[in-house]
Amino acid sequence: MSPTSPNGSLLIGGRPREASDGGSFATINPSTGEAIARVAAATVDDVDEAVATAYAASRRWREAKPVERGRVLQAVARLLAEHRQELARLETVDSGKPLRQGLAAIDTAIRYFEFYGGLADKILGTTIPLGAGVLDYTVREPFGVSAQIVPWNYPLQIGARGAAPALATGNTVVMKPASEAPLSLLRVATLALEAGLPPGALNVVPGSGSVAGAALSAHAGVNQITFTGSIEVGTQVMAAAARNVVPVLLELGGKSPNIVFADTDLETALPIILRSILNNAGQTCSAGSRLLVQRTVADEVLGRLTELMSAATIGPGVDDLDLGPLISDRQGAFVHGMVSDGIRDGVEVLTGGAPAPQSETFGGSFYSPTLVVSKPGTAIAREEIFGPVLVALVFDDEEEAVEIANGTEFGLVAGVWTRDVARAHRVAHRVEAGHVSINDFGGGGVETPFGGTRRSGFGREKGVEGINPYLQTKNVSVNLTH
Ligand code: NAD
């Protein structure tokens, strides 16, 4: 991609543009540390223009027939599918994930446009019985302009997860991708225009969080905000939204447990547990980053996982191995800092615990898959690391398993592994999380609601519930007596 490629421009009102002050930033291939494109960096003025453009477009888009909005989104899905390989490769090169995970990301993004395209004409109101003299009904209306701030770890999936339901319900969108990985979403927005989305319905303003992100979240013309990212920035976005009395949906971090009871079918469980921490090099909000294992099987489980983790293959995203790089050297230093602190806190390292030699070979920041055993309460066992670091904690009984599982400030997802049906449901009931998989991890899909409890955030995306953040209810009461 050349530095002047339109994919490196802002997209406002359907037109690719440079930033108003001519500023730009380099986006880096995390596998090699090399710059792959220069991207325009939106200024406060650019964000202003994008919000005004989205507002103007929303007047017409909200009046379009729902079935027409749905057809446009389905056409977007089809065009994205035609560009599946290209988009997967772009996501892989820009975010570092192995190619098959880039393909999974674009397939999920396609599904969001397909799913919400199908839902656009099925958004129903209610009638409320108030007696013979009154007709009372509700309608569900779009907010107007939805601001969507996206992190770098899964741009395609998270961007589509917000844009598709917002557009299906008649809102228009101003999206700010992360400056670490903006390219795939810029390309999606360009293709969406080609597929028939009206200019101004989906605007993209790449740039820094402190300028473009802050300007967007504080903008008085924004009517709803969807933020996915860290707790620290999420609370700033929520404070900015509060000043404008604007609803906000927050999808934040996690420290999600796989809870393995002694009667687990390990043959099935271990590969899934392994993938849940190695996918995207552990840089996943819903990574299975804690392993709670019952004492009677702890030695066997930890022994087998140590073998599997040390055999994992590591290399650049395009080589499509088990593990790609971390997003940046800074993230690499953070991950190693957390592991080093853990060692000082007395955790036992079973494998890994250091940057991988591939960092020297390829130039990116690679980290060896790491398995440590900790007691509950250490920082490494409680805090999000966002790297391929699995923290094992041993428990004796169900009561202790639930107590450890709930022993962090997060509550995003969990996995419960047991052949005992009653215990599986008891534990699913008691674990504080927005989603629990039984004998699986990260189950569900585009069709099922997703979101956090506690400091993992609030509000639900995905599934039929995923339209709720983008709709407000209006009640209409008709006096029929005169
Ligand atoms: P981040 O909070 O640093 O950045 C997220 C986005 O916010 C980026 O686009 C960034 O540019 C922008 N931003 C930064 N400062 C801002 C400001 N002051 N005002 C407005 N916007 C600003 O997060 P990250 O490092 O990109 O992503 C990692 C975090 O995201 C992790 O905590 C992870 O768990 C979380 N995450 C959550 C989910 C989920 O669905 N729950 C999914 C993916 C990632």
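Right above here is the structure, for reference.
Because the structure is predicted, anything quoted here is derived from the model rather than measured.

**Remarks on the overall build of the chain**
When you go through the chain residue by residue, the secondary structure sums to 15 helices and 19 strands. Over its C-alpha trace the chain gives a radius of gyration of 23 Å, about what one expects of a compact globule, namely 23 Å for 482 residues. C-alpha atoms of the chain, sized along the principal axes, occupy 75 × 60 × 40 Å. A total of 482 residues make up the chain; the buried ones form 56% of that total. Entry remark: accessible area of the chain is about 19000 Å², with carbon and sulfur atoms responsible for 54%. Within the chain, one finds 39 positive and 51 negative side-chain charges whose respective centroids are separated by 6 Å.

**Here we look at the site of the ligand**
If you check the shell around the ligand, you find 29 residues, and the closest are Val150, Arg161, Ser230, Leu252 and Glu384. Contacts to the ligand include Ala214, whose backbone N or O atom sits 3.4 Å from a nitrogen atom. In the environment of the ligand, a nitrogen atom lies 2.8 Å from a nitrogen or oxygen atom belonging to the backbone of Leu252. Protein burial of the ligand: of its 850 Å² of free accessible surface, 88% is covered by the chains. Those elements that provide at least two residues to the shell around the ligand are α5 (155–168), α7 (209–217), β9 (224–228) and α8 (231–243).

**Description of the environment of Asp329**
If you trace the backbone, Asp329 turns up in helix α11 (residues 329–344). On the accessibility criterion, Asp329 (57% relative accessible area) is exposed. In this structure, the C-alpha to C-alpha distance between Asp329 and Ser95, residues 234 residues apart in sequence, is 13 Å.

**Details of the sheet that holds strand β14 (residues 370–373)**
As summarised here, the arrangement of the seven strands in space is β13-β14-β15-β12-β11-β16-β17, forming an open sheet in which the pairing is mixed. On the outer flanks of this sheet lie β13 (348–351) and β17 (435–438), each paired with one strand and no other. Neighbour-to-neighbour, the strand axes of the sheet open up by a mean angle of 20°, direction not taken into account. Relative to strand β12 (residues 290–294), strand β11 (residues 257–260) runs parallel, the two sharing four bridges. Each bridged residue has a counterpart across the sheet, and for Pro257 the counterpart in β12 is Arg290. Contacting β11, β12, β15 (389–395) and β16 (413–417), helix α9 (residues 266–278) crosses the sheet at an angle of about 165° to β11. Running over the sheet, helix α15 (residues 421–430) touches β11, β16 and β17 and is turned about 165° from β17.

**Some points on the nonpolar core**
Ranked by size, the top nonpolar core spans 60 residues in total, and within it Ile259, Ile273, Leu291, Val301, Leu305, Val389 and Leu390 carry the most contacts. It is α9 that provides the largest number of residues to this core, a total of eight residues. Those residues in contact with Ile259 that sit more than four places away from it in its chain are Leu292, Phe395, Ala401, Ala405, Gly415, Val416, Trp417, Val427 and Val431. Counting 54 residues, the second-largest nonpolar core is a separate cluster that includes Val72, Tyr116, Val188 and Ala195.

**What to know about the pairing of strand β4 (residues 34–40)**
Across six bridges, the pairing between strand β3 (residues 24–29) and β4 is antiparallel. When the sheet's bridge partners are listed, Phe25 is paired in β4 with Val39. In this antiparallel pair of consecutive strands, β3 and β4, the connection spans four residues, and Gly33 shows a positive phi of 80°.

**Some thoughts on the packing of α5 against helix α6 (residues 183–194)**
Where α5 contacts α6, the axes come no closer than 8 Å and their chain directions differ by 45°. When the interaxial angle is binned, α5 and α6 end up oblique. Crossing of α5 over α6 shows right-handed handedness. Across the interface between the two elements, Pro155, Leu156 and Gly159 from α5 touch Ser184, Leu185 and Val188 from α6.

**A closer look at the pattern of salt bridges**
Scanning all chains against the criterion turns up 21 salt bridges. In this structure, the salt-bridge partner of Arg17 is Asp46, at a minimum N-O distance of 2.6 Å. With a gap of 29 residues between them, Arg17 in strand β2 (residues 15–17) and Asp46 in helix α1 (residues 44–61) connect regions that are remote in the sequence. For the pair Arg17 and Asp46, a shared accessibility class is recorded, and that class is buried. Arg187 is the salt-bridge partner of Glu86, the closest N and O atoms lying 2.5 Å from each other. In this pair, Glu86 is assigned in helix α3 (residues 84–95) and Arg187 in helix α6, connecting sequence segments 101 residues apart. Accessibility expressed as a relative area gives 33% for Glu86, which makes it partly exposed. Under the relative-accessibility criterion, Arg187 is labelled buried at 13%. Through salt bridges with shared partners, a single network forms among Arg17, Asp46 and Glu49.

What counts and what doesn't
Residues numbered from 1 in each chain as written. Predicted model: local features only at pLDDT ≥ 70, side-chain atom pairs only at ≥ 80, totals over all residues. Heavy atoms only, no water. Helix = DSSP H or I, 4+ residues; strand = E, 2+ residues; numbered from the N terminus. Rg over C-alpha atoms; globule rule 2.2 N^0.38 Å. Buried < 20%, exposed > 50% of the residue type's maximum accessible area, 1.4 Å probe, protein only. Areas by Shrake-Rupley, 256 points an atom, 1.4 Å probe, with all protein chains shown as cover. Lys, Arg positive; Asp, Glu negative; His and termini not counted. Charge placed at Lys NZ, Arg CZ, Asp CG, Glu CD. Near = heavy atom within 4 Å. Polar contact = N/O pair within 3.5 Å; in protein donor to acceptor, adjacent residues only side chain to side chain. Pairing = 2+ DSSP bridges. Axes fitted to C-alpha atoms, helices over the stretch in contact; angles between N-to-C directions. Contact = heavy atoms within 4.5 Å. Core = buried A, V, L, I, M, F, W, Y, C linked by side-chain atoms within 4.5 Å. Parallel < 35°, antiparallel > 145°, perpendicular 65-115°, else oblique. Left-handed = near helix turned anticlockwise from the far one by under 90°. Salt bridge = Lys/Arg side-chain N within 4 Å of Asp/Glu carboxyl O.

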